[in-house]
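# Coordinate inspection notes
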Amino acid sequence: MNGLGLHQRLERNAGLLIFGILFVSAIGGLVQVLPSIFQESLSQPAANTRPYGALELVGRDIYIREGCGTCHSQQVRPLLAEVKRYGPYSRAGESVYDRPFLWGSKRTGPDLHRIGGRYTDTWHRVHLLDPRSVVNNSIMPAYPWLAERAANADGDIQLRLKVLRRLGHPYTDADIESAPAKLEGLTEIDAVIAYLQQLGAGLGAEQ
Amino acid sequence: MNTTATKSNLYYHDRVVTVLVAWSIVWSVLGMAVGLYVAAELVWPQLDFGYPWLSYGRLRPLHTNVVVFGFAVSALMATAFYSVQRTSHVPLFAPALAWFCCIAWQLAIVAGGLSLLAGINASKEYAELEWPFDIAITIVWVCFAIVFFGTIAKRKIQPIYVSNWFYGGLIIVIAMLHIVNSLAMPVTLTKSYSLFAGAPDAIVQWWYGHNAVGFLLTGGFLGMMYYFLPKQAGRPIWSYRLSIVAFWAFTYSYIWAGPHHLHFNAIPDWVQSLGMVMSLILLAPSWATMINGIMTVSGAHAKLKTDPALKFIVLSLAFYGLATFEGPMMAIKSVNIVSHFTDWTIGHVHSGALGWNAMITFGTFYFLVPKLAGRDLYSVKLANIHFWLALAGTMLYILAMWGAGVSQGLLWLSLDEIGELNFSFKDIMGSMAPYYGLRVVAGVLFLSGTLLLAFNLFKTLQGQKVVRVVPPPVAAMEAA
Ligand code: HEM
Ligand code: HEM
């Protein structure tokens, strides 16, 4: 049967057509995506990569909530200029505790993967509250409300850690037990800063 | 049986099509207005006035979700329901379910949009809505599939027409992608953690993200093209054989191209290279389809001069050709070094989104709404003005973003003789202001055009007659 003949059967039978589309479109995913999901080396933590502490995790979730990732990437590409500008290029092992990944697709602002330790906490606080007081022509939004809301306002930090533990992150009972205490008296801006300050530390000795 | 039952067996179900078209227009105006606002925030960052829900990071996902899932999907559902009846010569299967799709989808967009404003955000691009919405979307989608394939199953003509393959591809492939990419473990009603982490998560996300573009913004709209272009041009599709080859080549190769969103990122090299090669191959079926469309119109020149609907569709094919040429070029790793992370990507997106998706939808609506209303278009003149506003807006948008993107890309990479960076990030950011300003102007032009469309079609629908289209007699059934 030639191609056109085969097609005449497909286009006369709705079931065959559905199956044909599903089959043909699934091949790419099965051959390309599935093996990557199960590739060991992509899920091995880098030397110094550890699960987020309670405060950092809250900060990360706020980073997601506020859509910081719509303007900031967290992925330094292995290009000379990029390594000069931001620091060592990103490795897969640094993201193994990232659910979801936050590599980004647009740099309206600079890459943040190696931002940790580059500025003081105070700098970040001032910058987040009013970017234009630090960089006069900045187009980054101001985030005054972060200083007003308590870090444990959502009240579900233990639940979050438990869910992550079920997904395989090595949290101990003590980690979960002590989590609320670690947020005590702090605001959301403290959490975001704690998250920013540990970014890039995961590479450890490999750096 | 009661009269409604008899009626629903006799007439094409076009009320639900009209309502979906109306919603699509509402979402196009709102979505573009949010896009314009977001564009303005990049020029005047104070525009959020200190309100979290007006903040750029929350409005940008609202923009993409409202235009893609509100505007584009409602338009695709409307045109799929309209054309599947006519190409099958039967009324919709399970019309009540079609109404459910229509209403539930709009509710999901309203609620989903509000949740994005509240900062409830799963963060994966084009899959930002949290898990309860993912489930709702899946349910509506399954119903969409039942109505669509159910109608095909009871069709009265043997061959399934080309447009239906593409709509079918849209329904099946998006279902597969959506379900896999949304897998997550809930924490609360408004928060979940992805089942995948890090690099595998990135690969799955862009397998989804690229193919949402592929099977929704491209494939779905090709279905629209294959039905409405021949209808409007009054000529059959130029080459049936080409449409078959292009369809299967498209369905097969699109799926592989996702990793071009992750060039030089921390994923295996072979995955990137395969993504690049398949993206280049993709040029062939894309252009084959474009040529098929353009050749179908050639010969209908007289109509092209006077009919704004046809003008929109033909122009959309030109932009489709542009975007599907630019895409494979940007997928080449050495080009992607420059384009990735820059506004060049944004320019590419909107040459597809404005030039292709929005224009073909406008053209289709200018043709479809008068038919649904049973009267002539309220004003051909306004539609012609809209055409020029849309064209000018799109061109200005793309040119501004090319300027911004290429200079960003090159300046970020620029090193002096001794290998030090030439420019700080902040200087390069500062030099973007004129381009971002131009984009605001482009947005104003494009949105004003869309407002003209909304007014024009609203006037056309006002005081519409009830149109009942009866399927052709069964004699149309083709022996095979
Ligand atoms: C008045 C018209 C529009 C304006 C002014 C506008 C403006 C914008 C702006 C400012 C962004 C953010 C760019 C950035 O991150 O730097 C954006 C992103 C986006 N827009 Fe639009 N937009 C418009 C219409 C549309 C339409 C009709 C669609 C789809 C059918 C669309 C789809 C998208 C998508 C998918 C993105 C995300 C791109 C990415 O992540 O790379 N837009 N738009
Ligand atoms: C043969 C066809 C196409 C190919 C090979 C292609 C390729 C690409 C490439 C290489 C990127 C840049 C990825 C990056 O560096 O981050 C991209 C982005 C994008 N393209 Fe295309 N493109 C094609 C057609 C289209 C069409 C017709 C549309 C319709 C609207 C479209 C919408 C998009 C969107 C929305 C993005 C941005 C994704 C994001 O970063 O959020 N593409 N495409």
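Residues numbered from 1 in each chain as written. Chains lettered and ligands numbered in written order. Predicted model: local features only at pLDDT ≥ 70, side-chain atom pairs only at ≥ 80, totals over all residues. Heavy atoms only, no water.

## Notes on the coordination of the iron atom of ligand 1
Residues and elements named next belong to chain B. Ligation of the iron atom of ligand 1 by protein atoms is provided by His63 (NE2) and His350 (NE2), these donors lying 2.0 Å from the ion. Every donor counted, the six donor atoms about the iron atom of ligand 1 form angles of 87 to 179° at the centre, which fits octahedral coordination. Note that His63 is positioned in helix 3 (residues 56-88) and His350 in helix 13 (residues 343-373), a separation of 287 residues in sequence. When sorted by exposure, His63 lands in the same class as His350, which is buried. (Donors = N, O, S within 2.8 Å, 3.2 Å for Na, K, Ca; no water. Tetrahedral: all angles 85-135°; square planar, octahedral: opposite > 155°, others 65-115°. Helix = DSSP H or I, 4+ residues; strand = E, 2+ residues; numbered from the N terminus. Buried < 20%, exposed > 50% of the residue type's maximum accessible area, 1.4 Å probe, protein only.)

## As for the coordination of the iron atom of ligand 2
Protein coordination of the iron atom of ligand 2 rests on one atom only, His348(B) (NE2), at 2.1 Å. Locating His348(B) in the fold gives a position in helix 13.

## Here's the deal with the pattern of salt bridges
One pass over the full model with this rule turns up 23 salt bridges over all chains. Notably, a salt bridge pairs Asp61(A) with Lys191(B), separated by 3.1 Å at the nearest N-O pair. Linking Asp61(A) in helix 3 (residues 54-65) with Lys191(B) in strand 2 (residues 191-194), this pair reaches from one chain into another. Note that Asp156(A) and Arg160(A) form a salt bridge whose closest N and O atoms lie 2.9 Å from each other. Each of the salt bridges in this network shares a partner with another, and the network as a whole consists of Asp61(A), Arg65(A), Glu66(A), Arg149(A), Asp154(A), Asp156(A), Arg160(A), Glu188(A), Arg58(B) and Lys191(B). (Salt bridge = Lys/Arg side-chain N within 4 Å of Asp/Glu carboxyl O.)

## Thoughts on the site of ligand 1
Surveying the vicinity of ligand 1 reveals 25 residues, the closest of which are Lys106(A), Arg60(B), His63(B), Glu125(B) and His350(B). Residues within reach of ligand 1 are spread across chains A and B. The side chain of Lys106(A) places a nitrogen or oxygen atom 2.8 Å from an oxygen atom of ligand 1. One of the side-chain N or O atoms of Glu125(B) is found 2.7 Å from an oxygen atom in ligand 1. Counting residues per element, the ones that place at least two in the shell around ligand 1 are helix 2 (15-41), helix 3, helix 13 and helix 16 (433-461) of chain B. In terms of residue count, the dominant contributor to the shell around ligand 1 is helix 13 of chain B (seven residues). Considered class by class, the residues forming the shell around ligand 1 number 13 nonpolar, seven polar and five charged. (Near = heavy atom within 4 Å. Polar contact = N/O pair within 3.5 Å; in protein donor to acceptor, adjacent residues only side chain to side chain. Nonpolar A, V, L, I, M, F, W, Y, C, P; charged D, E, K, R; others polar.)

## Topic: the nonpolar core
Ranked by size, the top nonpolar core spans 167 residues in total, and within it Phe81(B) and Leu216(B) carry the most contacts. Per element, the largest residue contribution to this core is 20 residues, and it comes from helix 7 (residues 198-233) of chain B. Mapped onto the domain boundaries, this core takes at least three residues apiece from domain 1 (2-38) and domain 2 (49-206) of chain A. Ignoring sequence-local partners within four residues, the contact set of Phe81(B) consists of Val16(B), Val17(B), Leu20(B), Leu92(B), Ala98(B), Phe144(B) and Val147(B). In this structure, Met140(A), Tyr171(A), Ile189(A) and Ile193(A) belong to the second largest nonpolar core, which totals 39 residues. (Core = buried A, V, L, I, M, F, W, Y, C linked by side-chain atoms within 4.5 Å. Domains from an automatic or database assignment. Contact = heavy atoms within 4.5 Å.)

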